[in-house]
Amino acid sequence: MVTLQTLLCHKLRFCGEVGIMTTISFSLALGAYFLASFLYGAGIFFQRLGRIPALITGLGFLAHSAGLLHRTIEASHAPFANLYESMIFFSWAIVLTSLVLEFRLKTRILGVVTTPLAFLAIASASMLPDHYKEITPLIPALQSYWLEIHVITCFLGYGAFAAAFGISILYLVKKHSKTNQLSQEDRLDELSYQTIAIGFPFLTLGIITGAIWANYAWGTYWSWDPKETWSLITWLIYAAYLHVRLRRDWRGNKAAWLSIIGFAAVIFTYLGVNLILSGLHSYT
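A short tour of the structure in this document, coming up. Quick caveat, the model's predicted, so the values are computed rather than measured.

With respect to the overall build of the protein
Per the secondary structure count, the protein includes ten helices and zero strands. Written out in order from the N terminus, the α and β elements of the protein read α-α-α-α-α-α-α-α-α-α. For the protein, the proportion of its 284 residues judged to be buried stands at 52%. In the structure as shown, the protein presents an accessible area of about 13700 Å², 68% of it carried by carbon and sulfur atoms.

If you want it as structure tokens, here you go:
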């Protein structure tokens, strides 16, 4: 007999040994982010949509959070242990960052870029082979409260950098748009800077807590593992961005391209190192 969970897992590919509530929660989040992405884009041209895209994103975020909570209960550990879980959490961090910044900065333009990125992250996780999604016990090196501290701080930084990346893309295509929102070059440039300024301290904390955790797990604070090396490279790129922005008043195209390069380094640090290089972090 085909159960509802089996049907959902087969159709939506959120399977692995997970509970029905986790499957439904992640599926609802996926659908909400897809709809919100469309509405945020439409909101550029139709102001009447108002807060509807943010409301739908918020509902998706609640479902997303519920799914992570269920996954945590099922696994008996924080859902950061493998590639599938980290991609789901990356998507969650992007949405959290976007909603907070949208509220604090009083702008809706962030959702135009962050919600599609969050959708792509969770959709990509859903297409991973089933063995990536299985719940497995934590290996000894991950059995530490530093896991939660390190991963959360890093991914909050990644979420902010994802938003800055999207804003920079919007800035570079501004000349091809005649709409009022997309033509506000200075506003986009300033938003990118503010977002990176928020994400940089989180990345810094992530590297510091990672070094402390490395000493606890492997007996050394720094071993020049590929993940560590590329984390440092990413940190240096964003440190350079903030430096030239403040000291040399870099704005416009130069700042936008440096933001894009920084996010490319983020993606390589997060995915490229795991998929191409080998090291102490290969288990993720």
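Observations concerning the pattern of salt bridges
The full count for this structure, using the stated rule, is six salt bridges. Between E85 and R71 there is a salt bridge; the shortest N-O distance is 2.8 Å. One end of the pair, E85, is in helix α4 (residues 83-105); the other, R71, is in helix α3 (residues 52-75), with 14 residues separating them in the sequence. Residue E85 is classed as buried on the basis of its relative accessible area of 2%. Accessibility expressed as a relative area gives 1% for R71, which makes it buried. One salt-bridge network, in which partners are shared between bridges, spans D189, E190, R245 and R251.

Details of the packing of aromatic side chains
By the definition in use, this model includes 15 aromatic pairs. The interplanar angle of 70° and the centroid separation of 5.4 Å between the aromatic rings of F90 and Y270 together place this pair among those described as edge-to-face. Placement of the pair is F90 in helix α4 and Y270 in helix α10 (residues 253-276), with a sequence separation of 180 residues. Taking 5.4 Å as the distance between ring centres and 85° as the angle between the ring planes, the aromatic pair formed by F155 and Y270 counts as edge-to-face. Placement of F155 in helix α7 (residues 146-172) and of Y270 in helix α10 is noted, with a sequence separation of 115 residues between them. Residue F155 is classed as buried on the basis of its relative accessible area, which comes to 7%. Among the aromatic residues, those joined into a cluster by ring pairs are F61, F80, F89, F90, W92, F155, Y158 and Y270.

Examining the packing of helix α2 (residues 20-43) against helix α5 (residues 109-126)
At a closest axis distance of 8 Å, the pairing of α2 and α5 adopts a crossing angle of 150°. Relative to α5, the element α2 lies roughly antiparallel. As α2 runs across α5, the sense of the crossing is left-handed. Listed contacts from α5 to F26, A29, L30, Y33, F34, A36, S37 and Y40 of α2 are G111, V112, T115, P116, A118, F119, I122 and A123. Taken together, the residues of the contact of α2 with α5 break down into 13 nonpolar, three polar and no charged.

Structural notes on the side chain of H150
Mapped onto the fold, H150 is located in helix α7. Assessed through its relative accessible area of 18%, H150 is described here as buried. A distance of 2.7 Å separates a polar atom in the side chain of H150 from the backbone oxygen of G206.

Section: helix α9 (residues 226-247)
Its 22 residues give α9 an end-to-end C-alpha distance of 31 Å, which sits within 8% of 32 Å, the value for a rise of 1.5 Å per residue. Taken as a whole, α9 has its buried residues at K227, E228, S231, T234, I237, Y238, Y241, L242, V244 and R245. Against α7, α8 (185-218) and α10 lie the buried residues of α9. At the N-terminal end of α9, a side-chain oxygen is found 3.1 Å from the backbone nitrogen of K227, two or three residues along, and the residue is D225. Count one or two residues on from α9 and you reach D249, which has phi positive near 55°.

What about α3?
With 24 residues, α3 extends 35 Å from end C-alpha to end C-alpha; this agrees with the ideal 34 Å at 1.5 Å per step. Among the residues making up α3, those that are buried are P53, A54, I56, T57, G60, F61, A63, H64, G67, L68, R71 and A75. The inward-facing, buried residues of α3 contact α2, α4, α5 and α6 (130-133).

Calculation rules
Residues numbered from 1 in each chain as written. Predicted model: local features only at pLDDT ≥ 70, side-chain atom pairs only at ≥ 80, totals over all residues. Heavy atoms only, no water. Helix = DSSP H or I, 4+ residues; strand = E, 2+ residues; numbered from the N terminus. Buried < 20%, exposed > 50% of the residue type's maximum accessible area, 1.4 Å probe, protein only. Areas by Shrake-Rupley, 256 points an atom, 1.4 Å probe, with all protein chains shown as cover. Salt bridge = Lys/Arg side-chain N within 4 Å of Asp/Glu carboxyl O. Phe/Tyr/Trp six-rings, centres within 6.5 Å; stacked < 30°, edge-to-face > 60°. Axes fitted to C-alpha atoms, helices over the stretch in contact; angles between N-to-C directions. Parallel < 35°, antiparallel > 145°, perpendicular 65-115°, else oblique. Left-handed = near helix turned anticlockwise from the far one by under 90°. Contact = heavy atoms within 4.5 Å. Nonpolar A, V, L, I, M, F, W, Y, C, P; charged D, E, K, R; others polar. Polar contact = N/O pair within 3.5 Å; in protein donor to acceptor, adjacent residues only side chain to side chain. Expected span 1.5 Å × (residues − 1).

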